[in-house]
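Coordinate analysis (summary)
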Amino acid sequence: MSWYVDINNLDSFTFGGVSSTSFNFAFKADNLKPFEQDFELKPVPGRTGDLLINNNRKKNKTVNVDGIIDCDGSESKVIMAKFNTWLCGEVKYKPLVFSNDYVNYQGIVIGGIDFEEVIEGFIKVKFKFSCKEANL
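The structure presented is a predicted model; accordingly, all values stated were derived computationally and were not measured.

The rules behind each value
- Residues numbered from 1 in each chain as written.
- Predicted model: local features only at pLDDT ≥ 70, side-chain atom pairs only at ≥ 80, totals over all residues.
- Heavy atoms only, no water.
- Phe/Tyr/Trp six-rings, centres within 6.5 Å; stacked < 30°, edge-to-face > 60°.
- Helix = DSSP H or I, 4+ residues; strand = E, 2+ residues; numbered from the N terminus.
- Buried < 20%, exposed > 50% of the residue type's maximum accessible area, 1.4 Å probe, protein only.
- Lys NZ or Arg CZ within 6 Å of the ring centre and 35° of its normal.
- Pairing = 2+ DSSP bridges.
- Core = buried A, V, L, I, M, F, W, Y, C linked by side-chain atoms within 4.5 Å.
- Contact = heavy atoms within 4.5 Å.
- Salt bridge = Lys/Arg side-chain N within 4 Å of Asp/Glu carboxyl O.
- pLDDT = per-residue confidence, 0-100.

1. So, the packing of aromatic side chains
- For the structure on display, the rule yields 21 aromatic pairs.
- When the centroid spacing of 5.5 Å and the interplanar angle of 10° are considered together, the rings of F13 and W86 count as stacked. Remark: W86 occurs in helix α1 (residues 76–88) and F13 occurs in strand β1 (residues 13–15); sequence separation between them is 73 residues. When sorted by exposure, F13 lands in the same class as W86, which is buried.
- Taking the centre distance of 5.4 Å and the plane angle of 75° together, the rings of F83 and W86 count as edge-to-face. Here W86 and F83 lie together in helix α1, a separation of 3 residues that amounts to about one turn.
- Its end group placed over the ring of F35, K61 keeps NZ or CZ at 4.7 Å from the ring centre.
- Positioned above the aromatic ring of Y93 is the side chain of K132, whose terminal nitrogen or guanidinium carbon lies 4.3 Å from the ring centre.

Here is the structure:
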């Protein structure tokens, strides 16, 4: 019986033109749902109902990513450094596309990346993207 899984059959994401599959990264991402409209409701004394203030934009959203990197024989410290450089090397929004989502994003990693080598050659990874909808 084989437990082999082809990395190309797993969900993936592309960030700044580089695919998560190039790091053998299997992950789960939450909050892949539509963006919220940015508006405020303000109570006005003497008025029935709140005043609606439409900010004419969509709010950024946070996408939490948890996963495992299979180092596939490479040294874990080298993989962690490359992974960190890929995601945090520049402080700017970059194109972000998830294989299991229809929305194209612009994203940036916030709060850094948490790495933990749970078994030799396997690194547990946690990080967050702040995302805005990409203007196409």
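Past the structure itself, the notes keep going.
2. What about the sheet that holds strand β8 (residues 104–119)?
- Pairing is antiparallel across the open sheet formed by 7 strands, whose spatial order is β2-β1-β7-β8-β9-β6-β3. The outermost strands of the open sheet, each flanked by one partner alone, are β2 (18–19) and β3 (25–29).
- Two elements, strand β7 (residues 94–98) and β8, share 4 bridges in a ladder whose sense is antiparallel. Counterpart to P95 in the pairing with β8 is Q106.

3. Concerning the nonpolar core
- If you look at the biggest cluster of nonpolar residues, it comprises 26 residues, and the most contacted ones within it are F13, F25, F83, L87, F127 and F129.
- Once residues lying within four places of it in the same chain are set aside, the contact partners of F129 are F13, F15, K61, T62, V63, V65, L87, L96, F98, I108 and V109.

4. Here we look at the pattern of salt bridges
- The final tally for this structure, using the stated rule, is 5 salt bridges.
- Linking E40 and K42 is a salt bridge whose minimum nitrogen-to-oxygen distance equals 3.5 Å.
- Assessed through its relative accessible area of 38%, K42 is described here as partly exposed.
- The salt bridge involving E133 is made with K58; its shortest N-O contact spans 3.1 Å. In this pair, E133 sits in strand β9 (residues 122–133) while K58 sits in strand β5 (residues 51–58), placing the two residues 75 residues apart along the sequence.
- Here K58 falls in the partly exposed class, since its relative accessible area comes to 37%.

5. What about the confidence of the model for the protein?
- Averaged over every residue, the pLDDT of the protein is 91; residues scoring 70 or more account for 93%.
- Per-element mean pLDDT across the protein ranges from 93 in β3 up to 97 in α1.

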